[in-house]
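# Analysis of the macromolecular model
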Amino acid sequence: MVATVQFGQYPPARRTLLHLSDTHLLAGNRPLGGRFDTAANLTRTLEAAEAIGIRPDAIVFTGDLTDLGEPEAYEALRKAVEPVAARLGAPVVWVAGNHDERPAMRSALLGQDESQHPITGVWDLGGLRLVALDSSVPGWHHGDLDTAQLEWLRGVLAAPAPLGTILALHHPPLPSHVPLFDILELRDQGRFAEVVAGSDVRAILAGHLHYSTSGTFAGVPVSVAAATCYTMNLARAAVDVNGMDAGQSFHLVHVYDDTITHAVVPVVDAPTSDVFSAEWVERMSLLTPEQRLEEFSRKRA
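Along each chain, numbering runs from 1 in the same order as the chain's sequence is written. Given that this is a predicted model, residues contribute local features only at a pLDDT of at least 70 and side-chain atom pairs are listed and counted only at 80 or more, while totals for whole chains, interfaces and linings are drawn from all residues. Note that water and hydrogens are dropped before the side-chain values are worked out from all heavy atoms of the structure.

## Some points on a nonpolar patch on the surface
For clarity, the threshold we go by: Patches draw on residues past 30% relative accessible area with no salt bridge. Two like charges within 9 Å are joined, as are two nonpolar side chains (Val, Leu, Ile, Met, Phe, Trp, Tyr) within 5 Å. Shrake-Rupley sampling with a 1.4 Å probe provides the accessible areas, and residues are treated as covered by the protein chains on show and by no other component. Salt-bridge detection follows one rule: a side-chain nitrogen of Lys or Arg within 4 Å of a carboxyl oxygen of Asp or Glu. The helix count covers DSSP runs of H or I at least four residues long, the strand count covers runs of E at least two residues long, and both are numbered beginning at the N terminus.
Taken together, the side chains of Val275, Phe276 and Phe296 present a nonpolar region at the surface, about 340 Å² in accessible area. On the secondary structure map, Val275 appears in the loop between strand 13 (260-266) and helix 7 (278-285).

What follows is the structure in structure tokens.
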């Protein structure tokens, strides 16, 4: 009964996505950089996502799935994620990043023939169109979208989707105040903007930066998810930003008729108060809207 009660102005979200990024797995779970247990950090993140109890319409990983593109690392990633996705009843959308290798990603993760062609795809999530782009550049760490891929995207967007379109790629089309990421940015963003502008694209999901940030591109909101493996310590001068084994998070993306929200969910064990609960929500649901305001909104003397 609680799920059918609308407490505020907005009805329930039309669609919900789990957005994760930058797992950077290594074969044999070797410590990344000699210090980060990427497999354990991924497991903690997946456990936290599953504990929320939602049934997402898709789980989106925006690139750098492995650190060196090793087939064994892709296999380990698939074995870690697929059981969770099956329990949640959600498809997994894998996006290629600059640390990924297209041939191994195709064969070991996607079950396809090895190829250097960009890894792209389109998913219809009950009227919400999700498009995966491949901004990786073989042999390089910066990002780019070549002419062929942009023309393919233009064709996909030619007809609007009932609930609009969300794009997912690794390199965000945003500035960064961190020098290393400006060097490794998505290049030639003007061509990308020409395709996106005026289309039904409602949001762009990205990774790459290892910290959560947001902005706009061609009038479209861009949301960057932090990494599961390690995050950037932004509590430093920009020239001295480096990775830390803390601050991991994922995003909950809620798609409404007129807006899309991106909630940053921390992966952390911390004492939490018990003021609100399912029982509290149930009690509120039995009240009228006026009674709820009186009960919960009015300030007491």
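## Some remarks on the nonpolar core
Worth spelling out the cut-off: What is meant by a nonpolar core is a set of buried Ala, Val, Leu, Ile, Met, Phe, Trp, Tyr and Cys residues, joined one to another through side-chain atoms within 4.5 Å. Each residue's exposure class comes from its accessible area (1.4 Å probe, protein chains only) as a fraction of the maximum for that residue type: buried when under 20%, exposed when over 50%, partly exposed otherwise. In what follows, residue pairs with any heavy atoms lying within 4.5 Å of each other are defined as contacts.
In this structure, Leu133, Leu153, Leu167, Phe192 and Ile204 are the most contacted members of the largest nonpolar core, which totals 34 residues. Contributing elements (two or more residues each) for this core: helix 4 (147-156), helix 6 (189-196), strand 7 (201-206) and strand 9 (220-224). Residue contributions to this core peak at four residues, all from helix 6. Each residue touching Ile204, except ones within four places of it in the same chain, is listed here: Leu167, Leu169, Pro173, Phe217, Val220, Pro221, Val222 and Ser223. The next biggest cluster of nonpolar side chains, apart from the first, holds 30 residues, and it includes Ile59, Leu65, Ala85 and Val267.

## Re the pairing of strand 3 (residues 92-95)
We apply this condition: Looking down the strands as they point away from the viewer, one classifies a crossover as right-handed if the path from the first strand across the helix to the second runs clockwise.
Here strand 3 shows a buried face lined by Val92 and Trp94 and a second buried face lined by Val93 and Val95. Each parallel crossover has a hand, and the one from strand 2 (residues 58-62) via helix 2 (residues 71-88) to strand 3 is right-handed.

## Observations regarding the sheet that holds strand 12 (residues 249-255)
Put simply, the test is: In short, DSSP must find at least two bridges between two strands for them to pair. For helices, the fitted axis covers only the stretch in contact; all axes are lines through C-alpha atoms, and the angles between them, taken along N-to-C directions, range from 0 to 180 degrees.
Read from one edge of the open sheet, five strands run 3-2-1-12-13, paired in mixed fashion. Two strands close off the open sheet at either side, each with one partner strand: strand 3 and strand 13. With strand direction ignored, the average angle separating the axes of adjacent strands in the sheet is 20 degrees. Pairing geometry for strand 12 and strand 13, over seven bridges, is antiparallel. Looking across to strand 13, one finds that Phe250 is bridged to Val265. Those strands touched by helix 2 are strand 1 (15-20), strand 2 and strand 3, and its axis lies near 145 degrees from that of strand 3.

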